[in-house]
Amino acid sequence: KQEVTQIPAALSVPEGENLVLNCSFTDSAIYNLQWFRQDPGKGLTSLLLIQSSQREQTSGRLNASLDKSSGRSTLYIAASQPGDSATYLCAVSPFKAAGNKLTFGGGTRVLVKP
Amino acid sequence: DAMVIQNPRYQVTQFGKPVTLSCSQTLNHNVMYWYQQKSSQAPKLLFHYYDKDFNNEADTPDNFQSRRPNTSFCFLDIRSPGLGDAAMYLCATSIIPRKTYTDTQYFGPGTRLTVL
């Protein structure tokens, strides 16, 4: 059974500092990995999707890397801003599963202080 | 804008009183999902529809049912809500032309269910 872990559970940084969020998974037979953002009391917003054949994806200040063999992904957020404060979740999709069933990590709650 | 809409955003029900949560989408996606997210926990998949095919997760209680009358709408029915069913319920959609292909899931804002 796939297990996804995100450490640390919470992170506080001053504005302008780079953020590094970690995600690990136990079964390397994944089809893709997604990073989501969740604001308090809200739904999830997809940030980046990395296919299993890819090593990284970039969008603006966000960069996500994937090392499938070691079961790790890292989300980098450059030059953090107070508006980046949210919970960040990673989720993996199993290889060749019907319907793209995601297994989520517990999330990292980020606070960027002005 | 194309989107995933959930109604109501907040639902209060009494212990044992049936409740229905609604999800609609304008994305014309063929797959729709229901997740349960309890406070400070990861979302947990309850079930999903691949087109008209219903796929239940093995550990989803029988108390939870779903209906998808057409491509755009999907409902979550809780037949006899218990205190442990209080949670945020998230609907998501995805477009998957073949069953082995995966793509980004798009989430609605969620319905927060309170059970008194």
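These numbers were taken from a predicted model, which means no experiment stands behind them.

About the cut-offs
- Residues numbered from 1 in each chain as written.
- Chains lettered and ligands numbered in written order.
- Predicted model: local features only at pLDDT ≥ 70, side-chain atom pairs only at ≥ 80, totals over all residues.
- Heavy atoms only, no water.
- Buried < 20%, exposed > 50% of the residue type's maximum accessible area, 1.4 Å probe, protein only.
- Helix = DSSP H or I, 4+ residues; strand = E, 2+ residues; numbered from the N terminus.
- Pairing = 2+ DSSP bridges.
- Contact = heavy atoms within 4.5 Å.
- Salt bridge = Lys/Arg side-chain N within 4 Å of Asp/Glu carboxyl O.
- Nonpolar A, V, L, I, M, F, W, Y, C, P; charged D, E, K, R; others polar.
- Phe/Tyr/Trp six-rings, centres within 6.5 Å; stacked < 30°, edge-to-face > 60°.
- Polar contact = N/O pair within 3.5 Å; in protein donor to acceptor, adjacent residues only side chain to side chain.
- Disulfide = S-S within 2.5 Å.
- Axes fitted to C-alpha atoms, helices over the stretch in contact; angles between N-to-C directions.

Considering the pairing of strand 4 (residues 31–37) of chain B
Sheet faces and side chains relate simply in a regular strand, where the side chains alternate between the two faces.
All names here are of chain B.
Stage number 1. The buried fraction of strand 4 amounts to seven of the seven residues, a majority that puts the element mostly inside the structure.
Stage number 2. What you see with strand 4 is no split at all: Val31, Tyr33, Tyr35 and Gln37 on one side and Met32, Trp34 and Gln36 on the other are buried throughout.
Stage number 3. Here six bridges tie strand 4 to strand 5 (residues 44–50), and the two strands are oriented antiparallel to one another. Considered in strand 5, the bridge of Val31 is made with Tyr50.
Stage number 4. Counted along the chain from strand 4 to the antiparallel partner strand 5, the turn is six residues long, and its residue Ser40 has a positive phi close to 60°.
Stage number 5. As defined by bridge partners, strand 4 adjoins strand 9 (residues 87–94) across seven bridges and the pair is classed as antiparallel. Bridge pairing in strand 9 places Gln36 opposite Tyr89.

Here we look at unusual backbone geometry
Stage number 1. Omega for the peptide link from Ile7(A) to Pro8(A) comes to 5°, which places this bond in the cis form.
Stage number 2. For Pro8(A), the position within the fold is in the loop between strand 1 (4–5) and strand 2 (10–14).
Stage number 3. Backbone torsion omega between Asn7(B) and Pro8(B) reads -10°, so that peptide bond is classified as cis.
Stage number 4. Note on placement: Pro8(B) falls in the loop between strand 1 (4–7) and strand 2 (10–13).
Stage number 5. With phi around 60°, Asn28(B) is a residue other than glycine that occupies positive phi space.
Stage number 6. Assignment of secondary structure puts Asn28(B) in the loop between strand 3 (19–25) and strand 4.

Some details on the interface of chain B and chain A
Stage number 1. Counting residues at the interface gives 26 residues for chain B, matched by 24 residues for chain A.
Stage number 2. For the pair chain B and chain A, the interface holds zero salt bridges.
Stage number 3. The element that contributes the greatest number of residues to the side of chain B that touches chain A is strand 4 of chain B, accounting for four residues.
Stage number 4. Taken together, the residues that form the side of chain B that touches chain A break down as 13 nonpolar, eight polar and five charged.

A look at the packing of aromatic side chains
Residues and elements named next belong to chain A.
Stage number 1. Per the stated rule, a full pass over the model turns up ten aromatic pairs over all chains.
Stage number 2. Arranged with centres 5.6 Å apart and planes meeting at 40°, the rings of Phe36 and Phe104 form a pair that is tilted. Within this pair, whereas Phe36 is found in strand 4 (residues 30–38), its partner Phe104 is found in strand 10 (residues 103–104), the two being separated by 68 residues in sequence. Residues Phe36 and Phe104 agree in their burial class; the two are buried.

Focus on the side chain of Gln105(B)
Stage number 1. Of note, Gln105(B) is situated in the loop between strand 9 and strand 10 (106–107).
Stage number 2. A distance of 2.8 Å separates polar atoms of two side chains, one belonging to Gln105(B) and the other to Tyr35(B).

A few points about the state of the cysteines
All names here are of chain B.
Stage number 1. Counted according to the given criterion, the structure contains two disulfides over all chains.
Stage number 2. At a sulfur-sulfur separation of 1.9 Å, the disulfide partner of Cys23 is Cys91. Measuring handedness by torsion sign, the sulfur bridge of Cys23 and Cys91 sits at about -70° and is left-handed. Of this pair, Cys23 sits in strand 3 while Cys91 sits in strand 9, and the two are 68 residues apart along the sequence. Here Cys23 matches Cys91 in class, with each residue buried.
Stage number 3. Free cysteine: Cys74, not disulfide-bonded; nearest cysteine sulfur from Cys91 at 6.1 Å.
Stage number 4. For Cys74, a relative accessible area of 1% corresponds to the buried category.

Observations regarding the sheet that holds strand 3 of chain B
Residue and element names in this part refer to chain B.
Stage number 1. Taken in spatial order, the four strands make up an open sheet running 1-3-8-7, and their pairing is antiparallel. The two strands at the open ends of the sheet, each matched to only one other strand, are strand 1 and strand 7 (64–67). Within this sheet the neighbouring strands show an average axis-to-axis angle of 20°, counted without direction.
Stage number 2. Taken together, the four bridges between strand 1 and strand 3 define a ladder with antiparallel strand orientation. Directly across from Val4, in strand 3, lies its bridge partner Gln25.

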